[in-house]
Amino acid sequence: MSIPALMNWSGGKDSALALYHALHDPRYEVRHLLTSVNAHYQRVSMHGVRVALLEAQARQLSLPLTKLELPAAPDMAEYEHLMRAALAPLQAQGMHHALFGDIFLADLRAYREQQLARIGMQAVFPLWQRTSPDILREFLALGFRAVVVCVKEQYLDASFCGRLLDEEFLRDLPAGVDPCGENGEYHSFVFEAPYFRQPIAFERGEVVRRTYPAPDGAGEVGFWYCDLEAV
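Described in the following lines is the structure provided in the data block. These numbers were taken from a predicted model, which means no experiment stands behind them. (Residues numbered from 1 in each chain as written. Predicted model: local features only at pLDDT ≥ 70, side-chain atom pairs only at ≥ 80, totals over all residues. Heavy atoms only, no water.)

Right, let's talk about helix α3 (residues 76-92) for a bit. Across its 17 residues, α3 extends 24 Å between first and last C-alpha, which sits within 8% of the 24 Å expected from 1.5 Å per residue. Those residues of α3 not exposed but buried are Y79, E80, M83, A86, L87, L90 and Q91. Each element contacted by the buried residues of α3 is listed here: β1 (3-8), β2 (28-38), β4 (65-70) and α4 (106-118). Taking the backbone nitrogen of A77 as reference, a side-chain oxygen 3.3 Å away marks D75 as the first, capping residue of α3. One or two positions beyond α3, positive phi appears at G94, with a value near 95°. (Helix = DSSP H or I, 4+ residues; strand = E, 2+ residues; numbered from the N terminus. Expected span 1.5 Å × (residues − 1). Buried < 20%, exposed > 50% of the residue type's maximum accessible area, 1.4 Å probe, protein only. Contact = heavy atoms within 4.5 Å. Polar contact = N/O pair within 3.5 Å; in protein donor to acceptor, adjacent residues only side chain to side chain.)

This is how it looks when you write it as structure tokens:
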């Protein structure tokens, strides 16, 4: 029998490809999506994508979606409390495995595994330790299409924000930038996928800059966001 599982869904390319592999893996039955959302702005955390577009993805997948609504800047204790509360009803439905699109950040994987183990769940990483260029090229070869919705200005300038994720984008990345943005260089929104019934229609809006306090408390970190609106 297949193992019931939930997908930690960001709406971007890595979670989309991880889901693709999970759907083709007879060991798992993906039953649910879980996404962290900024409660005040109603946008996907970090990515800045409107909830309406997130919900459109869930409809294309025909999977129920739980939105973990977070305050603007939760501390770790608050985040972990809210996450446990969101996971409890999914566990009650028999889901004790959680799928992630992480690729090579060992400390992040260890954190996820430890936190889930505390509540009797197991983390699964379908893309783990594959090379980033191979992941992105497989993503494109399978027919996925995505648009870049956020870039960290430490790595990429505003011109990369709003671009299609394609071979030209990959060629234009500066040296030292991970092709999949695994270090937080950029985030994306998937609007076409092999498992979508049809592409998600959207319009690009303005590109804006936002700053946030640096994690170490020294200064600020800048990001560029391209707003997308469902049509």
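Now, onward.
Our next topic: helix α1 (residues 13-23). Where burial is concerned, most of α1 is hidden: 9 out of the 11 residues are buried. Turning to α1, its buried residues are K13, D14, S15, A16, L17, A18, L19, Y20 and A22. Check the buried side of α1 and you find it contacts β1, β2, α2 (51-61), β5 (97-99), α5 (132-141) and β8 (186-192).

With that settled, the discussion passes to the environment of D102. For D102, the location among the structural elements is in the loop between β5 and α4. The exposure class assigned to D102 is buried, which follows from its relative accessible area of 9%. When the C-alpha atoms of D102 and S2 are compared, they prove to be 22 Å apart, with 100 residues separating the residues in sequence. Of the polar contacts made by the side chain of D102, one reaches the side chain of R112; its length is 2.6 Å.

Below, the discussion takes up the packing of α1 against α5. Where α1 contacts α5, the two axes come as close as 11 Å, and the packing angle between them is 70°. On the basis of their axis angle, the class for α1 and α5 is roughly perpendicular. When α1 is examined against α5, the residues K13, D14, A16, L17 and H21 are found in contact with a partner set consisting of I135, L136, E138 and F139. Of the residues assigned to the contact of α1 with α5, the class counts are 5 nonpolar, 1 polar and 3 charged. (Axes fitted to C-alpha atoms, helices over the stretch in contact; angles between N-to-C directions. Parallel < 35°, antiparallel > 145°, perpendicular 65-115°, else oblique. Nonpolar A, V, L, I, M, F, W, Y, C, P; charged D, E, K, R; others polar.)

Membership of the largest hydrophobic core comes to 61 residues, with the highest contact counts inside it found for W9, F139, F144, F189 and Y195. The contacts of W9, once residues within four sequence positions are left out, are S15, A16, L19, L33, L34, T35, L54, Q57, L61 and Y195. Listed in part, the 17 residues of the second largest apolar core include L70, L90, A98 and A123. (Core = buried A, V, L, I, M, F, W, Y, C linked by side-chain atoms within 4.5 Å.)

What follows covers the pattern of salt bridges. One pass over the structure, following the stated rule, counts 13 salt bridges. Close ionic contact of R130 with E138 constitutes a salt bridge, the shortest N to O distance being 2.7 Å. Between R145 and E192 there is a salt bridge; the shortest N-O distance is 3.7 Å. One end of the pair, R145, is in strand β7 (residues 145-152); the other, E192, is in strand β8, and 47 residues separate them in sequence. (Salt bridge = Lys/Arg side-chain N within 4 Å of Asp/Glu carboxyl O.)

Moving on to the pairing of β7. In terms of burial, β7 is a largely internal element, 7 of the 8 residues being buried. When β7 meets β8, the two strands line up antiparallel, connected through 6 bridges. Paired with V147 across the strands is F189, a residue of β8. The pairing of β7 with strand β10 (residues 220-230) spans 3 bridges and is antiparallel. Considered in β10, the bridge of C150 is made with Y225. (Pairing = 2+ DSSP bridges.)

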